[in-house]
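# Summary of the model geometry
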Amino acid sequence: MSAKIAVKGLKKGFITDQGLLQVVNGISFDVADGEFVAFVGPSGCGKTTLMNIIAGFDPPDEGTVKVDGASRSGPSAKGILISQHGSVFPWLTVQQNLMFGLNGHAPSNKEQLADHYADLVGLKGFEMSYPHELSGGMLKRAELARALVVKPEILYMDEPFSALDALLSLRMRKEFLRILAEERHTVVLITHDVEEAIHLADRIFVLSARPAHIKATFAVPFEHPRRLSSPEAQGLKESILRELGV
Ligand SMILES: Nc1ncnc2c1ncn2[C@@H]1O[C@H](COP(=O)(O)OP(=O)(O)O)[C@@H](O)[C@H]1O
Ligand SMILES: [Mg+2]
């Protein structure tokens, strides 16, 4: 079977005042259809740069990204990026934000779909609220719902929960897993949180410090719901932290 996402030999650098800053240094990997992969790496190693290339927002200097076997040079409708900095429109209500990306539906259907997904992420009753009226956690829910409502084949997530406190982040992960159990997507997650990666992913790629390359790959063989305090999960966490040099 061919891969859902096939990435080969990605390289990327930026021209700065100090000269060329090499950021991504030869990254290759495949993601199977329906698979959940996570990248963990130190801050500043090139995670967001890598994600922007994979999601099609930035061209690499070298290498290719194929989705369903087709090379791609821009963002595709098959995938949605949830960025580190958020992407809801502040001037639209939750419902309007969710309806924004829905084409080809009758208006009443759009409303229904928007409200269904608001409900799914726990935002029932806040459909008419504006982003500034929401807490940080609710805003993240809105982001997630906005991505899910268009039923993307691929979800690209760049540190989606890292702005949240530990408790909220854990709750969001649990809800995300519940949603994924109902509606399977292929997911590429980027995070600096090893525990988050172990909680969510089927496979974890450990990135080196900048310029980023894949230092190690770990399968996460645990059934959901996962107990992060289990000796196996703790052992995996230690192995990953060791690769990260911690
Ligand atoms: N557009 C750009 N121009 C110049 N340097 C950049 C640009 N984008 C990112 N960088 C640099 O690339 C490095 C990696 O950044 P980034 O991919 O955001 O890291 P991470 O997401 O892992 O924290 C950083 O040193 C950053 O300053
Ligand atoms: Mg980043």
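In this report, the structure presented in the accompanying data block is examined. Each chain has its residues counted from 1, running along the sequence as written. Chain letters start at A and ligand numbers start at 1, both assigned in the order the entries are written. Restriction of local features to residues with pLDDT of at least 70 applies here, the model being predicted, together with a cutoff of 80 or more for giving and counting side-chain atom pairs; totals for whole chains, interfaces and linings are based on all residues. The side-chain values count all of the structure's non-hydrogen atoms but skip hydrogen atoms and water molecules.

## Quick notes on the coordination of the magnesium ion (ligand 2)
Metal-coordinating donors are taken as N, O and S atoms lying within 2.8 Å of the metal, or within 3.2 Å when the metal is Na, K or Ca; because water is left out, some sites can appear incomplete. Donor atoms from the polypeptide that coordinate the magnesium ion (ligand 2) comprise T48 (OG1) and Q84 (OE1), at 2.0 to 2.7 Å from the metal. Of this pair, T48 sits in helix α1 (residues 47-54) while Q84 sits in the loop between β6 (79-82) and α2 (94-100); the two residues are 36 residues apart in sequence, bridging distant segments of the chain. Residue class for T48 comes out partly exposed when judged on its relative accessible area of 29%. Of the residues examined, Q84 reaches a relative accessible area of 29% and is grouped as partly exposed. A helix here means a DSSP run of H or I that spans at least four residues, while a strand means a run of E at least two residues long, and both kinds are numbered starting from the N terminus. The buried label applies to any residue whose accessible area, calculated with a 1.4 Å probe on protein chains only, is under 20% of its type's maximum; exposed applies above 50%, and partly exposed to all values in between.

## Describing the nonpolar core
The criterion is simple. A nonpolar core is a set of buried Ala, Val, Leu, Ile, Met, Phe, Trp, Tyr and Cys residues joined through side-chain atoms within 4.5 Å. Within the largest apolar cluster, 50 residues are counted, with the highest numbers of intra-cluster contacts made by L144, M157, F176, I198, I204 and I240. With six residues, the top contributor of residues to this core is helix α4 (residues 136-148). Delimitation of the domains relies on an automatic or database domain assignment. When residues of this core are assigned to domains, at least three map to each of domain 1 (5-78 + 154-243) and domain 2 (89-151). By definition in these notes, contact holds between two residues if any of their heavy atoms fall within 4.5 Å. With sequence-adjacent residues up to four places away left out, I198 is seen in contact with I204, V220, F222, R226, L228, A233, L236, K237 and I240.

## Regarding the packing of α4 against helix α5 (residues 166-182)
For every element, the axis is a line fit to its C-alpha atoms; helices are fit only across the contacting stretch, and the angle between N-to-C directions ranges from 0 to 180 degrees. Here α4 crosses α5 at 20 degrees, and the two axes come no closer than 11 Å. As judged from the angle between their axes, α4 and α5 are roughly parallel. Crossing angle aside, the handedness with which α4 passes α5 is right-handed. Within the contact between the two elements, α4 uses G137, K140, R141, L144 and L148 and α5 uses L168, R171, M172, E175, F176 and I179. Residues are grouped as follows: nonpolar covers Ala, Val, Leu, Ile, Met, Phe, Trp, Tyr, Cys and Pro; charged covers Asp, Glu, Lys and Arg; every other residue, Gly included, is treated as polar. Its residues placed into classes, the contact of α4 with α5 shows six nonpolar, one polar and four charged. Should an angle fall under 35 degrees it is called roughly parallel, over 145 degrees roughly antiparallel, and 65 to 115 degrees roughly perpendicular, with every other angle called oblique. Note on convention: near helix rotated counterclockwise from far helix by under a right angle means a left-handed crossing. Clockwise means right-handed.

## Observations regarding the pairing of strand β8 (residues 186-191)
By the criterion of burial, β8 is predominantly enclosed, with six of the six residues buried. Neither face of β8 is open: one carries T186, V188 and I190, the other V187, L189 and T191, and all of them are buried. Note that strand β3 (residues 36-40) and β8 share five bridges and pair parallel. Paired with A38 across the two strands is L189, which belongs to β8. Criterion used throughout: strands pair if DSSP finds at least two bridges between them. Inspection of the sheet shows strand β7 (residues 154-158) paired to β8 by five bridges, in the parallel sense. The partner of D158 across the bridge, within β8, is I190. Handedness of the crossover is the feature at issue here: the chain leaves β7, passes through α5, returns alongside β8, and the resulting connection is right-handed. Assignment of crossover handedness uses the view with strands pointing away from the viewer, where a clockwise path from the first strand over the helix to the second indicates a right-handed crossover.

## Re α5
Helix span is expected to be 1.5 Å times the residue number reduced by one. If you check α5, its first and last C-alpha atoms are 25 Å apart, about what 17 residues at 1.5 Å a residue would give, namely 24 Å. Along α5, the residues classified as buried are S169, M172, R173, E175, F176, L177, I179 and L180. Where α5 is buried, its residues contact β3, α3 (107-120), α4, β7, β8 and α6 (194-200). We define a polar contact as two N or O atoms separated by no more than 3.5 Å, with the added condition that, inside protein, one atom must be a possible hydrogen donor and the other a possible acceptor, whereas residues neighbouring each other in sequence contribute only through side-chain atom pairs. Backbone nitrogen of L167 and a side-chain oxygen of the N-cap are separated by 3.1 Å at the start of α5; the cap is D165.

## Quick word on the packing of aromatic side chains
Pairing of aromatic side chains here covers Phe, Tyr and the six-membered ring of Trp, requires ring centres within 6.5 Å, and sorts the geometry by plane angle: under 30 degrees stacked, over 60 edge-to-face, intermediate tilted. Counted according to the given criterion, the structure contains seven aromatic pairs. Seen in terms of ring centroids, F161 and F176 are 6.3 Å apart; in terms of plane orientation they differ by 70 degrees. Their pairing is edge-to-face. In this pair, F161 sits in the loop between β7 and α5 while F176 sits in helix α5, placing the two residues 15 residues apart along the sequence. Comparing F161 with F176, the two get one shared label, buried. Taken together, the aromatic side chains of F29, F39 and F205 make up a single cluster linked through ring pairs.

## A closer look at the pairing of strand β4 (residues 62-67)
Regular strands show a simple pattern: their side chains alternate between the two faces of the sheet. With five bridges joining them, strand β1 (residues 5-16) and β4 adopt antiparallel strand pairing. Across the sheet, K11 pairs through a bridge with E62, a residue of β4. In the sheet, β4 pairs with strand β5 (residues 70-71) via two bridges, with the strands oriented antiparallel. Paired with K66 across the strands is S71, a residue of β5.

## Examining α3
In this model α3 runs 20 Å from its N-terminal to its C-terminal C-alpha over 14 residues, within 8% of the 20 Å that 1.5 Å per residue would give. Along α3, the positions that sit buried rather than exposed are K110, L113, A114, Y117, A118 and L120. The buried residues of α3 occupy an angular sector of 160 degrees when the element is viewed end-on, so they sit on one face. Residues of α3 that are exposed and point over 90 degrees away from its buried face: S108 and Q112. Buried positions along α3 lie against α2, α4 and α5. Looking at the residues trailing α3, positive phi occurs at G122, about 85 degrees. By definition, the arc is the one covered by directions from the helix axis to the C-beta atoms.

These results come straight from atomic positions and should not be treated as a statement about function.
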